[in-house]
Amino acid sequence: MTEIRPVPVDHSDAHGLLEEYFALRASIFPGGTYRTVFPEAATFTEPAGVFVVLYDDDEPVGCGGIRRLADGPHGPRYEVKHLYVCDAGRGRGWGRMLLADLETRAAAHGAAEMVLDTHHTLDAAGALYARSGYEQIDPYNDNANATRWYAKALGA
């Protein structure tokens, strides 16, 4: 049975998944210049944000978080960060499940818009975002690991 639970970003399950995610990103990042930054716990602690782990039969298999940003053109804005599903979980709809959960949590906190950044080499991620209603936008940050930025209005 799969279940999504909020956990502190520094919890051992979350940290283990983030280590996998960052190692994978660094191994495939063009030019070997991927910058790894483990998030501070306060970034994903309510009301500033939340971090969740997806469990399959109590085994941590995916994660992601949202954090509050300054208001955007549509009002309150949250950013999706570190959306990751382990290799064995790919193709099972778990990425979409995590993304939908994070959108629901952001909406419950009054978010009018979700934003995220990614890299153009992450084809599956880009396809997930497009299928989920995200549209490409101009950069809203200076993330050196990103080449594409997306947004989605919530509640529309």
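Cut-offs and rules
- Numbering of residues starts from 1 in every chain and runs along the sequence as written.
- Thresholds applied to this predicted model are a pLDDT of at least 70 for local features of residues and 80 or more for the giving and counting of side-chain atom pairs; totals over whole chains, interfaces and linings are not thresholded and use all residues.
- Excluded from the side-chain calculations are hydrogens and water; all other atoms, namely the structure's heavy atoms, are used.
- A run of H or I in DSSP becomes a helix once it reaches four residues, and a run of E becomes a strand once it reaches two; helices and strands are each numbered from the N terminus.
- A helix is expected to reach a length of 1.5 Å times the quantity of its residues less one.
- With a 1.4 Å probe rolled over the protein chains alone, any residue whose accessible area is under 20% of its type maximum counts as buried; one over 50% counts as exposed, and the rest are partly exposed.
- Here a pair means two rings of Phe, Tyr or Trp (six-membered ring of Trp) with centres within 6.5 Å. Their orientation is stacked below 30 degrees between planes, edge-to-face above 60, and tilted elsewhere.
- In this scheme, Lys NZ or Arg CZ marks a charge over a ring once it lies within 6 Å of the ring centre and within 35 degrees of the ring normal.
- Only buried residues count toward a nonpolar core. Its members are Ala, Val, Leu, Ile, Met, Phe, Trp, Tyr and Cys residues joined through side-chain atoms within 4.5 Å.
- In this description, contact between two residues means that some pair of their heavy atoms is separated by no more than 4.5 Å.
- Using a 1 Å grid laid over the protein atoms alone, points where a 1.4 Å probe fits but cannot get out form a cavity; open sets with protein on both sides within 12 Å along at least 5 of 7 lines form a pocket; any residue with an atom within 4 Å of a point counts as lining.
- Grid points are joined across faces, edges and corners, and a volume is the space filled by probe spheres set on the points.
- Under this grouping Gly is polar, as are all residues other than the nonpolar Ala, Val, Leu, Ile, Met, Phe, Trp, Tyr, Cys and Pro and the charged Asp, Glu, Lys and Arg.

1. Considerations on helix α2 (residues 94-108)
Line of reasoning, step 1. When the terminal C-alpha atoms of α2 are compared, their 21 Å separation across 15 residues agrees well with the 21 Å that a helix rising 1.5 Å per residue should span.
Line of reasoning, step 2. Taken as a whole, α2 has its buried residues at W94, G95, L98, L99, D101, L102, E103 and A106.
Line of reasoning, step 3. Just past α2, the residue G110 takes up positive phi, approximately 90 degrees.

2. As for the packing of aromatic side chains
Two descriptors summarise a pair of aromatic rings, namely the distance from one centre to the other and the angle between the planes of the rings.
Line of reasoning, step 1. A complete count under the given rule lists five aromatic pairs for this structure.
Line of reasoning, step 2. Measuring from centroid to centroid gives 5.4 Å for Y21 and F22, while their planes differ by 50 degrees, and the two rings are tilted. In terms of burial, Y21 and F22 fall into one category: buried.
Line of reasoning, step 3. For the pair Y129 and Y134, a centre-to-centre distance of 6.0 Å together with 65 degrees between the ring planes defines the contact as edge-to-face.
Line of reasoning, step 4. When its relative accessible area of 7% is taken as the criterion, Y129 is described as buried.
Line of reasoning, step 5. The rings of Y21, F22 and Y84 are connected pair by pair, giving a single aromatic cluster.
Line of reasoning, step 6. The aromatic ring of Y55 is capped on one face by R5, whose charged end is 3.9 Å from the ring centroid.
Line of reasoning, step 7. Sitting above the plane of the Y140 ring, R77 keeps its charged end 5.7 Å from the centroid.

3. So, the nonpolar core
Line of reasoning, step 1. Ranked by internal contacts, the top residues of the largest apolar core, which has 38 residues, are F51, V80 and Y129.
Line of reasoning, step 2. Of all the elements in the fold, those that place two or more residues in this core are α1 (12-28), β2 (49-56), β3 (59-72), β4 (75-85), α2, β5 (113-118) and α3 (123-131).
Line of reasoning, step 3. Of all the elements, β2 adds the most residues to this core, at six residues.
Line of reasoning, step 4. Look past the residues within four positions of F51 in its chain and what remains in contact with it is R5, P6, V7, V9, A14, L18, F44, C63, G64, G65 and H82.

4. Observations concerning the layout of surface pockets
The method is simple in principle: a probe with the dimensions of a water molecule rolls over the atoms, and the space it marks as empty is what remains.
Line of reasoning, step 1. When its volume is computed, the largest pocket comes out at roughly 1,200 Å³.
Line of reasoning, step 2. Contributing to the lining of the largest pocket are 48 residues, with Y21, H82, L83, L122 and Y129 lying nearest its centre.
Line of reasoning, step 3. Among the secondary structure elements, those contributing two or more residues to the lining of the largest pocket are α1, β3, β4, α2, β5 and α3.
Line of reasoning, step 4. No other element matches the eight residues that β4 contributes to the lining of the largest pocket.
Line of reasoning, step 5. Along the lines of polarity and charge, the residues of the lining of the largest pocket split into 23 nonpolar, 11 polar and 14 charged.

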